[in-house]
Amino acid sequence: MNVLSLFDGMSVGQIALNRVGIKYDKYFASEIDKFAIQVTQHNYPETIQIGDVTQVKGSELPQIDLIIGGSPCQGFSFAGKQLNFDDPRSVLFFEFVRLIEECKPKYFLLENVVMKKEYEDVITQHMGVEPILINSNLVSAQNRKRLYWTNIPNIKQPEDLNIKMSDILLSGQHIMVSKQKKEHKPGGEKSSTLLARDYKGFGNQQMSGVMDNNNIRMLTPIEYERLQNVPDNYSSVVSNTQRYKMLGNGWTVGVITHIFKEIKNYECIKPI
């Protein structure tokens, strides 16, 4: 089995394949971020890095059985400027379509953010399948709704594992800091309300933090890894700034594992 991962990031796809027990012969990764590549090669040194997706040609690759990817989503995200297909990052989606046409894999998986229905429909038209919306909160301690277009059969919603923030913290108690309107107080300080809860997920108008020894701290890189079901210290070979960035951009391993299990079920692939 040969895998082509576009916009590979730190190779969460390989984590998921290995957890499911799907053996693959070659894993080709198209990625341009040097820090993400560094993390991938540290954990999976046999990964074949092939660079910029716009330069990848299906004719130069062996038979590809599975193509996966999450094309840059900033142009589609409700949290962004919503430039959609006018955003140069979003049009990279068409590179995914091009390589499916050139490589003709047996299976494909495309992930992207929840977006306006009109843009979702454009992607659906090109992919030829309807997306399934899965919230990562079923397999992790975060709310993270994403759309998945795939021809892998029999994909249903994952079982709710009921994982809470308290399950992934190294220490301390999870709190939410609610952003409030600025109040004019002596010194011009802005007040915030702290809500001490075992809260599963993040709100749009709230920031996540941890109360630890009476001090508020942000989540650590390891705690971020756990939110994404990534092994502890998987990304530790780069700076914390880069770790937060790539974990935030990456996939939730538990969701991808759930989807890949159906390849194994369908193909009756033996565990590694």
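None of these values were measured; they are calculated from a predicted model.

Student: Any details on the overall build of the protein chain? Residues and values, ideally.
Tutor: Tallying secondary structure elements over the protein chain gives 7 helices and 11 strands in all. By the burial criterion, 50% of the 272 residues in the protein chain qualify as buried. The contacts in the protein chain between residues at least 6 apart in sequence include a share of 65% that link residues at least 24 apart. Carbon and sulfur atoms provide 50% of the accessible area of the protein chain, an area that totals close to 13700 Å².

Student: So what about the packing of aromatic side chains? Which residues, and what values?
Tutor: According to the stated counting rule, one finds 4 aromatic pairs in the structure shown. With a centroid separation of 6.5 Å and an interplanar angle of 55°, the aromatic rings of Tyr-44 and Tyr-234 are classed as tilted. Separated by 190 residues along the polypeptide, Tyr-44 in the loop between helix 2 (34-43) and strand 3 (48-49) and Tyr-234 in the loop between helix 5 (221-227) and helix 6 (240-249) bring together distant segments of the chain. With 4.9 Å between their ring centres and 75° between their planes, Tyr-224 and Tyr-244 make a pair best called edge-to-face. Remark: Tyr-244 occurs in helix 6 and Tyr-224 occurs in helix 5; sequence separation between them is 20 residues. Judged by its relative accessible area of 28%, Tyr-224 is partly exposed.

Student: Tell me about the environment of Ser-235, and please be specific about residues and values.
Tutor: Inspection of the secondary structure assignment puts Ser-235 in the loop between helix 5 and helix 6. Measuring from C-alpha to C-alpha, the distance between Ser-235 and Ile-222 comes to 8.7 Å, with 13 residues separating the pair along the chain. Among residues more than four places away in sequence, those in contact with Ser-235 are Val-39, Glu-225, Arg-243 and Leu-247.

Student: I'd like a rundown of the packing of helix 1 (residues 12-20) against helix 7 (residues 253-267), residues and numbers included.
Tutor: Put simply, helix 1 and helix 7 touch, their axes get as near as 8 Å, and they point 50° apart. Put simply, helix 1 runs oblique to helix 7. When you trace helix 1 past helix 7, the crossing you get is right-handed. Each of Val-12, Gly-13, Ile-15, Ala-16, Leu-17, Arg-19 and Val-20 in helix 1 lies in contact with helix 7, whose residues at this interface are Val-253, Ile-256, Thr-257, Phe-260, Lys-261 and Lys-264. For the contact of helix 1 with helix 7, the residue count by class is 8 nonpolar, 2 polar and 3 charged.

Student: So, the side chain of Gln-228: which residues are in play, and what are the values?
Tutor: As for its placement among the helices and strands, Gln-228 is situated in the loop between helix 5 and helix 6. At 2.7 Å, the side chain of Gln-228 forms a polar contact with the side chain of Gln-142. From its side chain, Gln-228 meets the backbone oxygen of Leu-247 in a polar contact 2.9 Å long.

Student: Describe the packing of helix 3 (residues 93-103) against helix 4 (residues 117-127), listing the residues and the values that go with them.
Tutor: Running from amino to carboxyl end, helix 3 crosses helix 4 at an angle of 15°, the nearest separation of the two axes being 10 Å. Judged on the interaxial angle alone, helix 4 and helix 3 are roughly parallel. In the packing of helix 3 onto helix 4, the handedness of the crossing is right-handed. Across the interface between the two elements, Phe-93, Phe-94, Phe-96, Val-97 and Ile-100 from helix 3 touch Ile-123, His-126 and Met-127 from helix 4. The residue inventory of the contact of helix 3 with helix 4, partitioned by class, reads 7 nonpolar, 1 polar and no charged.

Student: Please set out the nonpolar core residue by residue, giving values where relevant.
Tutor: Residues Leu-66 and Phe-260 are the most contacted members of the largest nonpolar core, which totals 38 residues. Looking at this core, the elements that each hand over two or more residues are helix 1, strand 2 (26-30), helix 2, strand 4 (66-69), strand 5 (107-113), strand 6 (132-135), helix 6 and helix 7. The leading source of residues in this core is helix 7, at 6 residues. If sequence neighbours within four positions are ignored, Phe-260 has contacts with Gly-13, Ala-16, Leu-17, Val-20, Ile-22, Leu-66, Ile-68, Leu-109 and Ile-152.

Student: Describe the environment of Ile-67, with residues and values.
Tutor: Mapped onto the elements of the fold, Ile-67 is located in strand 4. Its relative accessible area of 0% is what places Ile-67 among the buried residues. Residues Ile-67 and Phe-28, 39 residues apart in the sequence, show an inter-C-alpha distance of 9.5 Å. Excluding its chain neighbours within four sequence positions, the residues that come into contact with Ile-67 are Leu-4, Leu-6, Phe-96, Leu-99, Ile-100, Cys-103, Pro-105, Tyr-107, Phe-108 and Leu-109.

About the thresholds
- Residues numbered from 1 in each chain as written.
- Predicted model: local features only at pLDDT ≥ 70, side-chain atom pairs only at ≥ 80, totals over all residues.
- Heavy atoms only, no water.
- Helix = DSSP H or I, 4+ residues; strand = E, 2+ residues; numbered from the N terminus.
- Buried < 20%, exposed > 50% of the residue type's maximum accessible area, 1.4 Å probe, protein only.
- Contact = heavy atoms within 4.5 Å.
- Areas by Shrake-Rupley, 256 points an atom, 1.4 Å probe, with all protein chains shown as cover.
- Phe/Tyr/Trp six-rings, centres within 6.5 Å; stacked < 30°, edge-to-face > 60°.
- Axes fitted to C-alpha atoms, helices over the stretch in contact; angles between N-to-C directions.
- Parallel < 35°, antiparallel > 145°, perpendicular 65-115°, else oblique.
- Left-handed = near helix turned anticlockwise from the far one by under 90°.
- Nonpolar A, V, L, I, M, F, W, Y, C, P; charged D, E, K, R; others polar.
- Polar contact = N/O pair within 3.5 Å; in protein donor to acceptor, adjacent residues only side chain to side chain.
- Core = buried A, V, L, I, M, F, W, Y, C linked by side-chain atoms within 4.5 Å.

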